[in-house]
Amino acid sequence: MKAVVGVPGEPGRTALRELPDPVAGPGELLVTGLLAGVCGTDREVVEQGYGELPPDRAEMVLLHESLGRVLSAPDGSGFTSGDLVVGLVRRPDPEPCGACADGQWDLCRNGKYTERGIKALDGYGSQLWTVEPEFAVRLDPALGELGVLTEPTSVVAKVWDQIERIGLRGYFRPRTVLITGAGPIGLLAALLGVQRGLDVHVVDRMRTGPKPDLVFGLGAWYHADLAEISFEPDLVIECTGAPEVAFEVLRRTSRNSITVLTGLSGSDGDLPLPAGQINNNLVLRNGVVVGSVNSNLRHYRRAAAALADSDRDWLGALITRRVSLADWPEALARKDEDVKVVLDLQG
């Protein structure tokens, strides 16, 4: 089989290689890899050294967003040949910590978790892969190749799960949500906000291209400047990682607001900010700020259900570039018009 392999932080060693076909271990599924989604995390692994190799390995299979079709499944696994599936990214630590033991490995307390294609485990950027049934999710077959959006959707399914859980602290009747950033995470967060019947506003710097149309296609509002926001949102989902954006929205939230930070800044630089004003706003208005990363099995299942209930044409428009395996370096390249890029593992 062919696979995209590499070493974190050494882009010159990333390559398409012929590897032996994997053999499913006891209880595992053997899966034909169809598509692999590509995101900023994959570029950080390749270019910046985020992540780590499996023990005693000189390289690893890259990419963490999967879509495949089951070739073989053991009896009693809950899966059958032909099922459309995705594999989860994170695995609990071997000790395990209390969170991992409870199935919440996205909240691992000791940092000893592993992640497919990122941290100490081979990824899904190969024509064949194996996965344990407890780390796989079956998709509605009608989704077809759009199922490659499951992993990023699971990230925002966790965000909404966190919002709803925090909302139980008291009276919780949100009407408006502000989403900063119209990349795949921001747009999928907007999709789930619309599915919840909220008034959804998305801010992104792009004034042309597919992003405004995708937001309008949801029946949501698009803004090219945060200065255009004249209301105080009940909920904020920050997806840019730009610290100046994150702190600016904290000055604008309503009473009892919930702000979820999902973007990484990629910098330790200082930023002048009105700390006193932000502190007073959060305290006097009972505001909550929470960070969110990764997802667990419950979130993947919610993501699969949300995608199954979504307009297929809209989901298809999120995928702005499809790259053949032979041209794999193009999938890692950044282009301004990109929303979601996927690698065709069989093409």
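Note that this is a predicted model, so its numbers are computed, not measured. (Residues numbered from 1 in each chain as written. Predicted model: local features only at pLDDT ≥ 70, side-chain atom pairs only at ≥ 80, totals over all residues. Heavy atoms only, no water.)

K.L.:
Outline the overall build of the chain, listing residues and values.
P.N.:
Of the regular secondary structure elements, the chain holds 10 helices and 19 strands. For 347 residues, the compact-globule formula gives about 20 Å, and the C-alpha radius of gyration of the chain, at 20 Å, lands near that figure. Seen through its principal axes, the chain has C-alpha atoms that stretch 60 × 45 × 40 Å. Out of the 347 residues belonging to the chain, those deemed buried represent 52%. (Helix = DSSP H or I, 4+ residues; strand = E, 2+ residues; numbered from the N terminus. Rg over C-alpha atoms; globule rule 2.2 N^0.38 Å. Buried < 20%, exposed > 50% of the residue type's maximum accessible area, 1.4 Å probe, protein only.)

K.L.:
Outline the pattern of salt bridges, listing residues and values.
P.N.:
Pairing between side chains of opposite charge can happen when their charged atoms approach one another. Here the structure, examined in full by the defined rule, presents 22 salt bridges. One salt bridge connects Glu 164 with Arg 196, and the closest N-O pair in it is separated by 2.7 Å. Here the residue Glu 164 occupies a position in helix α3 (residues 150-167), and Arg 196 occupies one in the loop between α4 (184-195) and β13 (199-203), the gap between them amounting to 32 residues. Two residues, Glu 248 and Arg 252, come together in a salt bridge whose shortest N-O distance is 3.0 Å. Look at the salt bridges and you will find they share partners, linking Asp 161, Arg 165, Arg 298 and Arg 302 into a network. (Salt bridge = Lys/Arg side-chain N within 4 Å of Asp/Glu carboxyl O.)

K.L.:
Could you give an account of the environment of Arg 322, with specific residues and numbers?
P.N.:
As for its placement among the helices and strands, Arg 322 is situated in strand β18 (residues 319-324). It is 9.2 Å that separates the C-alpha atoms of Arg 322 and Leu 35, two residues lying 287 residues apart in sequence. The residues contacting Arg 322, other than those within four sequence positions of it, are Leu 35, Glu 145, Val 342 and Asp 344. A polar atom in the side chain of Arg 322 sits 2.4 Å from the side chain of Glu 145. (Contact = heavy atoms within 4.5 Å. Polar contact = N/O pair within 3.5 Å; in protein donor to acceptor, adjacent residues only side chain to side chain.)

K.L.:
I'd like a rundown of the sheet that holds β13, residues and numbers included.
P.N.:
Pairing is parallel in the open sheet, where 6 strands are placed in the order β14-β13-β12-β15-β16-β17. Where the open sheet ends on each side, the last strands, each with one partner, are β14 (221-223) and β17 (288-291). Across the sheet, the mean angle separating the axes of adjacent strands is 15 degrees when strand polarity is ignored. Along the sheet, helix α5 (residues 210-217) contacts β13 and β14; its crossing angle with β14, the most-contacted strand, is approximately 155 degrees. (Pairing = 2+ DSSP bridges. Axes fitted to C-alpha atoms, helices over the stretch in contact; angles between N-to-C directions.)

K.L.:
Can you lay out the packing of α3 against α4 for me, pointing to particular residues and giving the numbers?
P.N.:
Viewed as axis vectors pointing N to C, α3 and α4 meet at an angle of 55 degrees, and their least axial separation amounts to 9 Å. As far as their axial angle goes, α4 and α3 are oblique. Relative to α4, α3 is oriented so that their crossing is right-handed. Two secondary-structure elements touch here, α3 through Pro 152, Thr 153, Val 155, Val 156, Ala 157 and Trp 160 and α4 through Ile 185, Leu 188, Ala 189, Leu 192 and Gly 193. Of the residues assigned to the contact of α3 with α4, the class counts are 9 nonpolar, 2 polar and no charged. (Parallel < 35°, antiparallel > 145°, perpendicular 65-115°, else oblique. Left-handed = near helix turned anticlockwise from the far one by under 90°. Nonpolar A, V, L, I, M, F, W, Y, C, P; charged D, E, K, R; others polar.)

K.L.:
Tell me about the sheet that holds strand β1 (residues 2-7), and please be specific about residues and values.
P.N.:
Reading across from one edge, β2-β1-β4 is the order of the 3 strands in this open sheet, with antiparallel pairing throughout. Each of the sheet's edge strands pairs with one partner strand only, and the pair in question is β2 (10-18) and β4 (60-61). For β1 and β2, the ladder comprises 5 bridges, and the chain directions are antiparallel. Bridging across to β2, Val 4 finds its partner in Leu 16.

K.L.:
Quick one: what's the story with helix α8 (residues 297-308), residue by residue and with numbers?
P.N.:
For α8, built from 12 residues, the straight-helix expectation of 16 Å at 1.5 Å per residue is met to within 8% by its first-to-last C-alpha distance of 17 Å. Within α8, burial applies to Leu 297, His 299, Tyr 300, Ala 303, Ala 304, Ala 306 and Leu 307. Residues of α8 that are buried in the fold lie against β6 (84-87), β11 (136-138), α3, α4 and α9 (312-318). (Expected span 1.5 Å × (residues − 1).)

K.L.:
Requested: an account of unusual backbone geometry, with residues and values cited.
P.N.:
Omega for the peptide link from Glu 95 to Pro 96 comes to -20 degrees, which places this bond in the cis form. For Pro 96, the location among the structural elements is in the loop between β7 (90-91) and α2 (98-101). With phi around 60 degrees, Asn 256 is a residue other than glycine that occupies positive phi space. Relative to the helices and strands, Asn 256 resides in the loop between α6 (243-250) and β16 (258-261).

K.L.:
Any chance you could break down the pairing of strand β15 (residues 235-238) for me, citing the residues and the numbers?
P.N.:
Both faces of the sheet carry side chains from a regular strand, because those side chains alternate between them. Here β15 shows two buried faces, one formed by Leu 235 and Ile 237 and the other by Val 236 and Glu 238. Both strand β12 (residues 176-180) and β15 contribute to a ladder of 4 bridges, which runs parallel. By the bridge assignment, Ile 179 is partnered in β15 with Ile 237. Pairing geometry for β15 and β16, over 4 bridges, is parallel. Considered in β16, the bridge of Val 236 is made with Thr 259.

K.L.:
Would you mind going over the side chain of Thr 153 in detail, with residue names and values included?
P.N.:
Note on placement: Thr 153 falls in helix α3. Polar side-chain contacts of Thr 153 include one of 2.6 Å to the backbone oxygen of Leu 149. Once you skip the residues sitting within four places of it in the chain, Thr 153 turns out to touch Leu 188, Leu 192, Ala 303 and Leu 307.

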